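Geometric and topological summary
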Protein chains: 2
Amino acid sequence: MGNIKIIDIKRSIFEDNDKDADKLRAELNDKQVFLLNLMSSPGSGKTTTLIKTINSLKEKINIKIMEADIDSDVDAIKIKESTGVDTIQLHTGGMCHLDADMTRQGLRNLDLEKTDLVILENVGNLVCPAEFDTGSHLNCMILSVPEGHDKPLKYPLMFQICDLVLINKIDVMSVFDFDIEKCKEYIYKRNPKATIIPISAKTGEGIDKFAEYLLNKVK
Amino acid sequence: MGNIKIIDIKRSIFEDNDKDADKLRAELNDKQVFLLNLMSSPGSGKTTTLIKTINSLKEKINIKIMEADIDSDVDAIKIKESTGVDTIQLHTGGMCHLDADMTRQGLRNLDLEKTDLVILENVGNLVCPAEFDTGSHLNCMILSVPEGHDKPLKYPLMFQICDLVLINKIDVMSVFDFDIEKCKEYIYKRNPKATIIPISAKTGEGIDKFAEYLLNKVK
């Protein structure tokens, strides 16, 4: 497929990322564009969740996608093919996270006219992406059942900075020793204000709730 | 449990980590200690794999464990309780990886006399730990079935630097769209010399092969 644009992201030169992130948020507010930063471990189901959610929302709002990866463009191609929405691939060249300026480099390659929502799929990593404000309006993370319910204990910052936690792959809960009540307790310990939505990107369960949550944020 | 020693690891001051890693390897060679660096995503089953493997090997060789985590000591306690071998917890204070000097800080807190094998369980992360030589003799990583067979495409460096790849959670292969032949093909693309061992830490399948592989390396 030749219609996936690949952007090689350069390391930022700004020293004060927090300030730059606030600036980017203000720029996006002017354009009435809502930016969602989606984070998770590798393989927790970010791409499948996105595809289902985009397809449930794309008739109601205008969505664009930025797929960040160290290498490869498999996810961007999959999203473009499965949803038809404009998708670009950001290559981080080995870098383990995105900051605000790196996010801006991606946004420059999207036509933001009439765009309601941009979703940034961050690099699969529970550590580094949590340390950098991308300039997004909402931090969302996916924890999948096979990863275990103890992850909020071990990756505290990620759970602390996320407004929304999706617990994915609940369709396989019976084959894993995953205690969802304990998981919720650990998440609230890190962030008492977190919203938690259990989903199965595979079966579609809970995707309507996530889509509705996003719709309320964007409109 | 009061008998888990927690070491707060300090950021290294050495500029040339590769040189320092070679130095650490030489120091370990002098002491006839084999160091294994075990890496993976969060939740791929590093701790359960370790417990099963230690229990299969502990009568034959003397093993010590270093558990690296950003926070918490749940894994160290679990390993100590389930195997009885000496285990220490390394707290990285937010740092996403260990380098050679950080590894050395941990090793100083272990009695290496009569120790054959030290296993370092690195921070759960497929990106950053791959960039830093810990001074280990062997890099091993676990990829678990729920993460998907495409991970070698997306995290190239991790698969490139690992001599041994364990494919874990093969007991749940039937409920995930995981193509093990494709996975092997992608791993060999990154590292044609990689050894691949499919395992299930839960059922114990394949653990004997991993244990035997380690025994051959250590002796």
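Scroll up for the structure.
Because the structure is predicted, anything quoted here is derived from the model rather than measured.

What about the interface of chain A and chain B?
The interface of chain A with chain B comprises 33 residues on the first partner and 32 residues on the second. The contact between chain A and chain B buries some 2,500 Å² in all, and 58% of this surface belongs to carbon and sulfur atoms. The interface formed by chain A and chain B holds 2 salt bridges in total. In this structure, Asp75(A) engages Lys154(B) in a salt bridge whose closest nitrogen and oxygen atoms are separated by 2.5 Å. The interface formed by chain A and chain B includes 9 residue pairs in polar contact (both at pLDDT 80 or more). Going through the elements one at a time, helix H3 (74–83) and helix H5 (151–154) of chain A are the ones with two or more residues in the side of chain A that touches chain B. No other element matches the 3 residues that H5(A) contributes to the side of chain A that touches chain B. Looking at side-chain class alone, the side of chain A that touches chain B contains 15 nonpolar, 6 polar and 12 charged residues.

Points about the pattern of salt bridges
All names here are of chain A. Applying the stated criterion across every chain yields a total of 17 salt bridges over all chains. One salt bridge in this structure joins Arg 104 and Asp 20, with 3.0 Å as the shortest N-O distance. Placement of Arg 104 in helix H4 (residues 100–107) and of Asp 20 in helix H1 (residues 17–30) is noted, with a sequence separation of 84 residues between them. Each of the two residues, Arg 104 as well as Asp 20, counts as buried. It is possible to trace a salt-bridge network through shared partners that takes in Asp 20, Lys 23, Glu 27, Asp 101 and Arg 104.

Digging into the environment of Ile7(A)
All names here are of chain A. When you line up the elements, Ile 7 lands in strand E1 (residues 5–8). Residues Ile 7 and His 149, spaced 142 residues apart in sequence, show a C-alpha to C-alpha distance of 35 Å. When sequence neighbours within four positions are dropped, the list of residues in contact with Ile 7 reads Ile 88, Gln 89, Leu 90, His 91, Gln 105 and Asn 109.

Quick notes on helix H4 (residues 100–107) of chain B
Residues and elements named next belong to chain B. Burial of H4 is extensive: 8 of the 8 residues sit out of reach of the surface. If you check which residues of H4 are buried, you get Ala 100, Asp 101, Met 102, Thr 103, Arg 104, Gln 105, Gly 106 and Leu 107. Among the residues of H4, the N-terminal cap falls to Asp 99, whose side-chain oxygen and the backbone nitrogen of Asp 101 are separated by 3.2 Å.

Looking at the sheet that holds strand E3 (residues 63–69) of chain A
Residue and element names in this part refer to chain A. Judged by pairing direction, the sheet is parallel, and its 8 strands sit side by side in the order E1-E4-E3-E5-E2-E6-E7-E8 without closing on themselves. With partners counted over all chains shown, the strands left at the sheet margins are E1 and strand E8 (195–198), one partner each. Sheet twist, expressed as the mean angle between neighbouring strand axes with direction ignored, is 20 degrees. Bridge analysis of strand E2 (residues 34–40) against strand E6 (residues 138–144) gives 5 bridges, and the strand direction is parallel. Paired with Met 39 across the bridge in E6 is Met 141.

Some remarks on the relation of the copies chain A and chain B
Expressed as a screw operation, the relation of chain A to chain B combines 0.0 Å of axial shift with a rotation of 180 degrees, fitting to an RMSD of 0.0 Å. Overall, the copies show the geometry of a two-fold rotation axis. Interface residue correspondence from chain A to chain B reaches 97%, placing this contact among same-surface, isologous pairings.

Side note on the side chain of Ser40(B)
When you line up the elements, Ser40(B) lands in strand E2 (residues 34–40). A polar contact is formed between the side chain of Ser40(B) and the side chain of Lys46(B), at a distance of 2.9 Å.

A word on the sheet that holds strand E4 (residues 87–91) of chain B
All names here are of chain B. Judged by pairing direction, the sheet is parallel, and its 8 strands sit side by side in the order E1-E4-E3-E5-E2-E6-E7-E8 without closing on themselves. Looking along the sheet, the strands with just one partner apiece sit at the ends: strand E1 (5–8) and strand E8 (195–198). The sheet shows a mean angle of 20 degrees between the axes of neighbouring strands, direction not considered.

Conventions and cut-offs
Residues numbered from 1 in each chain as written. Chains lettered and ligands numbered in written order. Predicted model: local features only at pLDDT ≥ 70, side-chain atom pairs only at ≥ 80, totals over all residues. Heavy atoms only, no water. Contact = heavy atoms within 4.5 Å. Buried area = accessible area lost by both parts, 1.4 Å probe. Salt bridge = Lys/Arg side-chain N within 4 Å of Asp/Glu carboxyl O. Polar contact = N/O pair within 3.5 Å; in protein donor to acceptor, adjacent residues only side chain to side chain. Helix = DSSP H or I, 4+ residues; strand = E, 2+ residues; numbered from the N terminus. Nonpolar A, V, L, I, M, F, W, Y, C, P; charged D, E, K, R; others polar. Buried < 20%, exposed > 50% of the residue type's maximum accessible area, 1.4 Å probe, protein only. Pairing = 2+ DSSP bridges. Axes fitted to C-alpha atoms, helices over the stretch in contact; angles between N-to-C directions. Least-squares fit on C-alpha atoms with pLDDT ≥ 70 in both.

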